[in-house]
Amino acid sequence: MKIATWNINGAKARLDGLVAWLKESNPDIACLQEIKSVDEAFPRSEIESLGYHVETHGQKGFNGVALLSKIRPDEVNRGLPGDELDEQARFIEGVFSVKDGVIRVCCLYLPNGNPVDSEKYPYKLSWMQRLATFAAQRLRLEEPLILAGDYNVIPEAHDCWDVKVWQNDALFLPETRAAFRRLRNLGFTDAVRATSDDVPLYSFWDYQAGCWPKNFGIRIDHLMMSPEAADKLLSTSIEKHVRSWEKPSDHVPVAGEFAFEPA
DNA sequence: ATGGTGGGGTACCCA
């Protein structure tokens, strides 16, 4: 079973690429971020016609997440718990039946946090605290759980092309990386690093200043796995070629192949 | 060189 995450940077603008990617990559579950669409305007029928169930948590103008799946979710939850006043659409969770039980997949779009001297950085850190609290609660279920999404976190120095450029950025500040490590220390494993050495690997290349042709990238899109999910991980892929497609997103899909069987 | 590009939606916000 293939589970993928992709920040598509606008569902309507990226529909052709999304359809092409679903046909080519054929994920069983796809977590999309930055759909930049309200639920009613999401291009649902085009995706359903490819055999996917579509669940969205949309918002006007920016943010918004979607969960596409070949198997119908048994349960769907929208919004990260812990702050009822937070109206930003950044989180959707689905529970799916598989052969030996269930898997739980959360699609998240973590706040960027820049500029760091604005209210946006404390919002990012509090969102990460809420995520850790939620994740710790979910771990007690002892289920295969995958927290997939655009974390807007560069975990380590080798996850960016030049530390000097990123050292004061909200994506790499010590407090940001410490909050990400807290997830790891709870028991979550980064799927890509579970299947690679500490070599530079990127999932995002800025549109500006020729970052893509120069390979000036960062790795900020992650699949974090509970122990029960990590036990089933077979392989991962960063689908880098998608960045060369026409009208690309600035992110590429990141996927994990898992030894879960359909129910 | 304080730039550069792109989506959303129609004046700026967000990344």
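Below: a short report on this structure. A quick note: this is a predicted structure, and the numbers were derived from the prediction, not measured. (Residues numbered from 1 in each chain as written. Chains lettered and ligands numbered in written order. Predicted model: local features only at pLDDT ≥ 70, side-chain atom pairs only at ≥ 80, totals over all residues. Heavy atoms only, no water.)

### Some points on the side chain of His57
Here is step 1: If you trace the backbone, His57 turns up in strand β3 (residues 53–57).
Here is step 2: Assessed through its relative accessible area of 17%, His57 is described here as buried.
Here is step 3: At 3.1 Å, the side chain of His57 forms a polar contact with the backbone oxygen of Phe91.
Here is step 4: Residue contacts for His57: discarding those within four places in its chain leaves Asp39, Gly64, Val65, Arg78, Gly79, Ala89, Arg90, Phe91 and Ile92. (Helix = DSSP H or I, 4+ residues; strand = E, 2+ residues; numbered from the N terminus. Buried < 20%, exposed > 50% of the residue type's maximum accessible area, 1.4 Å probe, protein only. Polar contact = N/O pair within 3.5 Å; in protein donor to acceptor, adjacent residues only side chain to side chain. Contact = heavy atoms within 4.5 Å.)

### Quick word on the environment of Leu22
Here is step 1: Relative to the helices and strands, Leu22 resides in helix α1 (residues 15–25).
Here is step 2: Those residues in contact with Leu22, other than ones at most four positions away along the chain, are Pro27, Ala30, Ile47, Leu50, Tyr52 and Leu68.

### A few points about unusual backbone geometry
Here is step 1: A cis amide bond links Asn114 to the next residue, Pro115, at an omega of -5°.
Here is step 2: Here Pro115 lies in the loop between β7 (101–109) and α3 (120–139).
Here is step 3: If you check the backbone angles, Glu34 has positive phi at about 55° while not being a glycine.
Here is step 4: Along the chain, the position of Glu34 falls in the loop between β2 (29–33) and α2 (44–48).

### Quick word on the packing of aromatic side chains
Here is step 1: This model, assessed by the stated rule, comprises seven aromatic pairs.
Here is step 2: Between Tyr202 and Trp205 the ring centres are 6.3 Å apart and the planes differ by 80°, which places this aromatic pair in the edge-to-face class.
Here is step 3: We classify Tyr202 as buried; its relative accessible area is 12%.
Here is step 4: The class of Trp205 is buried, set by a relative accessible area of 0%.
Here is step 5: The ring of Phe172 is capped by Arg177, whose NZ or CZ atom sits 4.1 Å from the centre of that ring. (Phe/Tyr/Trp six-rings, centres within 6.5 Å; stacked < 30°, edge-to-face > 60°. Lys NZ or Arg CZ within 6 Å of the ring centre and 35° of its normal.)

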